[in-house]
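Report on the structure
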Amino acid sequence: EKAEWEFENLCNIAASEFLFPLEEFSVDMGEAKLTAQQLRDLAARYEASVDATAHRVVSLSSHPSCVVFATYQEPAPGKVTSLTVQYAAPTADFPQKFFRGIKINSKSICNRAFRDKQPLSSPLENWMVSGKWARYRVEAVPLEKFAAKGTADLAVLLYLAR
């Protein structure tokens, strides 16, 4: 699975380089922290996947940010958390590390975005990451499902709260 993940990640990075001309995309992206709907709109404008668009946004961001790709798993009896991290792509100055399998808080806007199949935003959420609390602005965008098993269900842009 690690080799598949690495290959998928490299494909997303390559796609972002080809699909999004740097100058034009930078102007369209602007300096602001994008909302979930703006991310979706930008992907549509460039006729690209939300996945590739999110990678490009984070790679060009001037803010500490991270895109997390999450998958849904039917929760075990008595459990409420159903979204877990598949992989993440942070900016160099983003302090937290997201590892595969980290559970996303059941109270996060991410769960409602996944359930309602709508891009949603939360101005501030507290997340437990690797034993430490962190505060983020959260932008969650449901992803199209493909025939390939194990693809992510949700892209989440995280902006470090200051």
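Residues numbered from 1 in each chain as written. Predicted model: local features only at pLDDT ≥ 70, side-chain atom pairs only at ≥ 80, totals over all residues. Heavy atoms only, no water.

1. Regarding the environment of leucine 34
To keep things clear, this is the line we draw: For helices the rule is a DSSP run of H or I covering at least 4 residues; for strands it is a run of E covering at least 2, with both sets numbered from the N terminus onward. Working definition: with a 1.4 Å probe on protein chains only, accessible area under 20% of the residue-type maximum means buried, over 50% means exposed, and in between means partly exposed. Should any heavy atoms of two residues lie within 4.5 Å, those residues are considered in contact.
For leucine 34, the location among the structural elements is in the loop between helix H2 (22-29) and helix H3 (36-45). The class of leucine 34 is buried, set by a relative accessible area of 5%. When the C-alpha atoms of leucine 34 and glutamate 139 are compared, they prove to be 8.1 Å apart, with 105 residues separating the residues in sequence. Residues within four places of leucine 34 in sequence aside, it is in contact with Met29, Leu42, Val57, Arg137, Glu139, Leu157 and Tyr159.

2. Observations concerning the confidence of the model for the protein chain
The following threshold applies: The predictor rates its confidence in each residue with pLDDT, a number between 0 and 100.
Here the protein chain averages 87 in pLDDT, while 96% of its residues score no lower than 70. Here helix H1 (residues 2-19) stands out as the least confident element of the protein chain, with mean pLDDT 77; strand S5 (residues 154-160) is the most confident, with 94.

3. Here we look at the packing of H1 against helix H4 (residues 50-60)
Applicable threshold: In this description, a line fitted to the C-alpha atoms serves as the axis of each element, helices being fitted only across the stretch in contact, and the angle between N-to-C directions of two axes falls anywhere from 0 to 180 degrees. Working rule for angles: under 35 degrees goes down as roughly parallel, over 145 as roughly antiparallel, 65 to 115 as roughly perpendicular, anything else as oblique. In the scheme used here, Gly and all other residues not listed as nonpolar or charged are polar, with Ala, Val, Leu, Ile, Met, Phe, Trp, Tyr, Cys and Pro taken as nonpolar and Asp, Glu, Lys and Arg as charged.
Remark: H1 packs on H4, axes separated minimally by 8 Å, with the N-to-C direction vectors making an angle of 75 degrees. On the basis of the axis angle, H1 is roughly perpendicular to H4. Across the interface between the two elements, Asn9, Asn12, Ile13, Ala15, Ser16 and Glu17 from H1 touch Asp51, Ala52, His55 and Arg56 from H4. Class assignment of the residues belonging to the contact of H1 with H4 gives a composition of three nonpolar, four polar and three charged.

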